[in-house]
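Analysis of the macromolecular model
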2 protein chains.
Amino acid sequence: MSAGWFRRRFLPGGPLPAPRPPRPRASPVPYRRPRFLRGSVSCPGTTDTPRRPEARPVRCPARGRELPWNAGYAEIINAEKSEFNEDQAACGKLCIRRCETEEDQEWVTLCPEEFLTGHYWALFDGHGGPAAAILAANTLHSCLRRQLEAIAEGLVATQPPMHLSGHCVCPSDPQFVEEKGIRTEDLVIGALESAFQECDEMIGRELEASGQVGGCTALVAVSLQGKLYVANAGDSRAILVQRDEVRPLSSEFTPETERQRIQQLAFVYPELLAGEFTRLEFPRRLKGDDLGQKVLFRDHHMSGWSYKCVEKSDLKYPLIHGQGRQARLLGTLAVSRGLGDHQLRVLDTNIQLKPFLLSVPQVTVLDLDQLELQEEDVIVMATDGLWDVLSNEQVARIVQSFLPGNREDPHRFSELARMLIHSTQGKDNSLTAEGQVSYDDISVFVIPLNSQGQRNSRH
Amino acid sequence: MSAGWFRRRFLPGGPLPAPRPPRPRASPVPYRRPRFLRGSVSCPGTTDTPRRPEARPVRCPARGRELPWNAGYAEIINAEKSEFNEDQAACGKLCIRRCETEEDQEWVTLCPEEFLTGHYWALFDGHGGPAAAILAANTLHSCLRRQLEAIAEGLVATQPPMHLSGHCVCPSDPQFVEEKGIRTEDLVIGALESAFQECDEMIGRELEASGQVGGCTALVAVSLQGKLYVANAGDSRAILVQRDEVRPLSSEFTPETERQRIQQLAFVYPELLAGEFTRLEFPRRLKGDDLGQKVLFRDHHMSGWSYKCVEKSDLKYPLIHGQGRQARLLGTLAVSRGLGDHQLRVLDTNIQLKPFLLSVPQVTVLDLDQLELQEEDVIVMATDGLWDVLSNEQVARIVQSFLPGNREDPHRFSELARMLIHSTQGKDNSLTAEGQVSYDDISVFVIPLNSQGQRNSRH
């Protein structure tokens, strides 16, 4: 088995050069082989180095490194919001083995091909330190592989069987599965959902054991059996850019986009707010002068707005406060889904964030075989630092104007990722809506799709 | 003020004739003027008559009756599933008066136009008897008018004010409202949401007081200030049909479409299931032989499917069971949103349906001024009996093929509504996908849109 795995810890390095950054100064450490790999490949790794205060922003060490299987090209910038880069990433080949228990022998006979192979890309945008993002980058792929291996029999069947490695109880079982519309891709979606949950629990345990804190968003793309799965928990984003089209492949999960779910939870469990917050949303925080007046508000069951007479309890700090980039959950967190944050509490209180935070991703599926892929079709995955400054359409225009003219350049996808980040640094105001500049960490994957459809098959 | 209001109680009548039904034999009763109307208009009404067992299916009395303000054309068929038709409908002019309290005098001076005028159409598909549907048809418009009148000041302002009939507390208030993106249409959405809730509570009280039971779905369309609002709670549907396009204006709310919300509630409050049901979804109900096997399942947090080892508790009856038209909530109800059902319990148990049922509608907004309306553009609203047999596209084809050739017929919209119902009765197999026949009550509104944009304004 030829397996390649590549994981980066993105480092602070030298100052941002243009157009090409220097090689970073990173301290190599012994490579810890991810459990994900069972093949014989070894691969150099890097780890975090102390901050260099004079360097801001800073690029990652592995700019444009071509992966062994030519799967995707990443570019990362560290805005040094914290001592270590809170953006982390991982990508690699996903080798799914058959189950190894004795009961599976029958299935092995039925299914002579031993492996499913796919590809995996992931971006993690940490907060409260890089610990959760590093743990996620180290382990989420293992969780996913484990989840997929547990259902490998279902993945290679034409239709997911009602029973796994078992006997048929009811002759109509295939018909029941058919009527429910359960397809192989639903098993992969389920595996991604379970993997995120498993990884979240692991991060909770590890951080507690090591006395560390923090959380991270997670955006994962998996290509498997001719389909691309994009699982998102947080405010990173993936888009598909084709010659004439741009299509979002993920939705952002923030206190604003998940307002109703969050308010609903506070409605069901008011004790979660410990009498310190109001569940209701108002256009601004209310003051004493608002008492007795009728003001705009909305509650968990409302999409529209209405008016209510202000009572004293409405003057409390709102559960969700602020607009857009400033919106915060319990005055603390800008995202509503992600991994970690098990210990996170509102400052100077015992109010926990976790019950409102979900680790469950939303998964979208793209059928690569249906796309009639062209040479320049790519997926762009990036953390929020990019999307704060560039719209989907602006990114698509950069992709569509750059790639066709650079077909001969073997590093063009790396160059494109670099160009996307470059355009957020105020170097080229024509690219951003109002010449905006990003001061956030930014990570970008550019994934050429042309050969993913054929490549992702059993072998 | 010239106000027209029209409400029907759809009756069993004679056998289905073709192409034109006979006048029904209904017992006229004294007209009870809806509280909604404050003008001087009076209007004949009809009420339910005893069932005629030989007549099945039966048409309603008021086929194709042209409304005074030419607003919409309805056609109804009674399949006689119950003694009285469980489909009910209402439509009329919506006259929103200024508030009448003394505090509003200042606003009256600022807003010299005393009324907002709109139109209202509503379909209610009852279950467990017609009582809830009749109550809803009698009162939902009053609830809505009351809600809109309470915020009339906000409706006529360019931007909803932070405070209603009050003083400005913070000079930046308009900016806060602007940043939240709160528009006049959000107030109408909020009013519709509140009206559904108010009507639901009223139905609960009325049914309890009169010892009656039952519930109903509710689909409401309101045209106001150049916009069309469609509020839906249940499995009725509204679509927009234009010359080259068909667009759904509502989503159905059934145990299947709301699975995750319903499972989530059972996860939070397991006592709601009283140990009689399992929250988990399986492709079929599990049997003793499934014990110990790994079977397909999904829980509240999952969009995809996974496998679990079957335990004894998984053999209980599922919270949501069956597929498509057969899907039932707690083995009892085919819809997950609607009005009424406050007393509904699972047969022979004390398990209530109401906590799982929502009365909140989903509201979609159509900007009529942006549509470039053509002579033949219509909204088709219908109860599920129609959509069980005809797809959106099939309905659109019937509309698009019928209307252009019948421009001179003053009754063409009535004729179209009649034709749509006719096509569900197995008379013309080419119209339905597989010559399917509906045995359900069916109600259809065909609403010509051409003049709604101009008509809906203050006067």
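Residues numbered from 1 in each chain as written. Chains lettered and ligands numbered in written order. Predicted model: local features only at pLDDT ≥ 70, side-chain atom pairs only at ≥ 80, totals over all residues. Heavy atoms only, no water.

1. Concerning the environment of histidine 167 of chain B
Assignment of secondary structure puts histidine 167 of chain B in the loop between strand S6 (163-164) and helix H4 (173-179). Each C-alpha atom of the pair histidine 167 of chain B and glutamate 415 of chain B lies 54 Å from the other, and the pair is 248 residues apart in sequence. Not counting the four nearest positions on each side in its chain, histidine 167 of chain B is found in contact with Asp289 and Gln293 of chain A. (Helix = DSSP H or I, 4+ residues; strand = E, 2+ residues; numbered from the N terminus. Contact = heavy atoms within 4.5 Å.)

2. Concerning the relation of the copies chain A and chain B
Mapping chain A onto chain B leaves a residual RMSD of 0.0 Å; the transformation is a rotation of 180° accompanied by 0.0 Å of translation along its axis. Read as a symmetry element, the transformation amounts to a two-fold axis. Closest approach to the rotation axis among the C-alpha atoms of chain A is made by valine 268 of chain A, whose C-alpha sits 4.2 Å away. When the interface residues of chain A are mapped onto chain B, 100% of them again fall at the interface, so both copies present the same face. (Least-squares fit on C-alpha atoms with pLDDT ≥ 70 in both.)

3. As for the domain arrangement of chain A
For chain A, the assigned domains read domain 1 (65-99 + 113-253 + 359-422 + 439-448) and domain 2 (259-334). The C-alpha centroid of domain 2 of chain A is placed 34 Å from the C-alpha centroid of domain 1 of chain A. (Domains from an automatic or database assignment.)

4. Details of the pattern of salt bridges
Going through the model one piece at a time under the given rule, you end up with 48 salt bridges over all chains. One salt bridge in this structure joins arginine 412 of chain A and glutamate 376 of chain A, with 3.2 Å as the shortest N-O distance. With a gap of 36 residues between them, arginine 412 of chain A in helix H9 (residues 412-422) and glutamate 376 of chain A in the loop between strand S18 (362-367) and strand S19 (378-382) connect regions that are remote in the sequence. Each member of the pair, arginine 412 of chain A together with glutamate 376 of chain A, is buried. The salt bridge involving glutamate 311 of chain B is made with lysine 308 of chain B; its shortest N-O contact spans 3.4 Å. Judged by its relative accessible area of 15%, lysine 308 of chain B falls in the buried class. Taken together, the salt bridges that share partners define one network made up of Lys180 of chain A together with Arg259, Glu281 and Arg298 of chain B. (Salt bridge = Lys/Arg side-chain N within 4 Å of Asp/Glu carboxyl O. Buried < 20%, exposed > 50% of the residue type's maximum accessible area, 1.4 Å probe, protein only.)

5. Brief notes about the interface of chain A and chain B
Listed by partner, the interface residues are 48 residues for chain A and 48 residues for chain B. Between arginine 284 of chain B and aspartate 173 of chain A there is a salt bridge, and its shortest N-O distance comes to 2.5 Å. Connecting chain A to chain B are 24 residue pairs in polar contact (both at pLDDT 80 or more). Every element with two or more residues in the side of chain A that touches chain B is listed here: strand S6 (163-164), helix H4 (173-179), helix H5 (184-210), strand S12 (294-297) and strand S13 (306-309) of chain A. (Polar contact = N/O pair within 3.5 Å; in protein donor to acceptor, adjacent residues only side chain to side chain.)

6. As for the packing of helix H2 (residues 131-150) of chain B against helix H5 (residues 184-210) of chain B
All names here are of chain B. Orientation of H2 relative to H5, taken along the N-to-C sense of each, is 140°, at an axis distance of 8 Å. Looking at the two axes, H2 sits oblique to H5. Here the hand of the crossing between H2 and H5 comes out right-handed. Here H2 contributes Ala131, Ala132, Leu135, Ala136, Thr139, Leu140, Cys143, Leu144, Arg146, Gln147 and Leu148 to the contact with H5, which in turn contributes Val188, Ala191, Leu192, Ser194, Ala195, Phe196, Glu198, Cys199, Met202, Ile203, Glu206 and Leu207. Looking at the contact of H2 with H5 residue by residue, the class counts come to 17 nonpolar, three polar and three charged. (Axes fitted to C-alpha atoms, helices over the stretch in contact; angles between N-to-C directions. Parallel < 35°, antiparallel > 145°, perpendicular 65-115°, else oblique. Left-handed = near helix turned anticlockwise from the far one by under 90°. Nonpolar A, V, L, I, M, F, W, Y, C, P; charged D, E, K, R; others polar.)

7. Some remarks on the nonpolar core
Grouped together as the largest cluster of nonpolar side chains are 57 residues, with contacts concentrated most on Tyr120, Phe124, Leu148 and Leu192 of chain A. For this core, the elements supplying multiple residues, two or more each, are strand S4 (87-97), strand S5 (115-127), helix H2 (131-150), helix H3 (152-156), H5, strand S7 (215-224) and strand S8 (227-233) of chain A together with strand S12 (294-297) of chain B. Val295 of chain A together with Leu148, Ile151 and Val222 of chain B belong to the second-largest nonpolar core, a separate cluster that totals 56 residues. (Core = buried A, V, L, I, M, F, W, Y, C linked by side-chain atoms within 4.5 Å.)

8. Focus: H5 of chain A
Residue and element names in this part refer to chain A. Given a rise of 1.5 Å per residue, 27 residues ought to cover 39 Å, and the 39 Å separating the end C-alpha atoms of H5 matches this to within 8%. For H5, the tally of buried residues reaches 19 of 27 residues, placing the bulk of the element in the interior. Positive phi shows up at glycine 211, right after H5, with a value of about 70°. (Expected span 1.5 Å × (residues − 1).)

9. Considerations on the sheet that holds strand S13 (residues 306-309) of chain B
Taken in spatial order, the three strands make up an open sheet running S6(A)-S12(B)-S13(B), and their pairing is antiparallel. Whereas interior strands pair on both sides, the edge strands pair on one side only; in this sheet they are S6 of chain A together with S13 of chain B. Pairing between S12 of chain B and S13 of chain B: four bridges, direction antiparallel. Bridged to leucine 296 of chain B within S13 of chain B is tyrosine 307 of chain B. (Pairing = 2+ DSSP bridges.)

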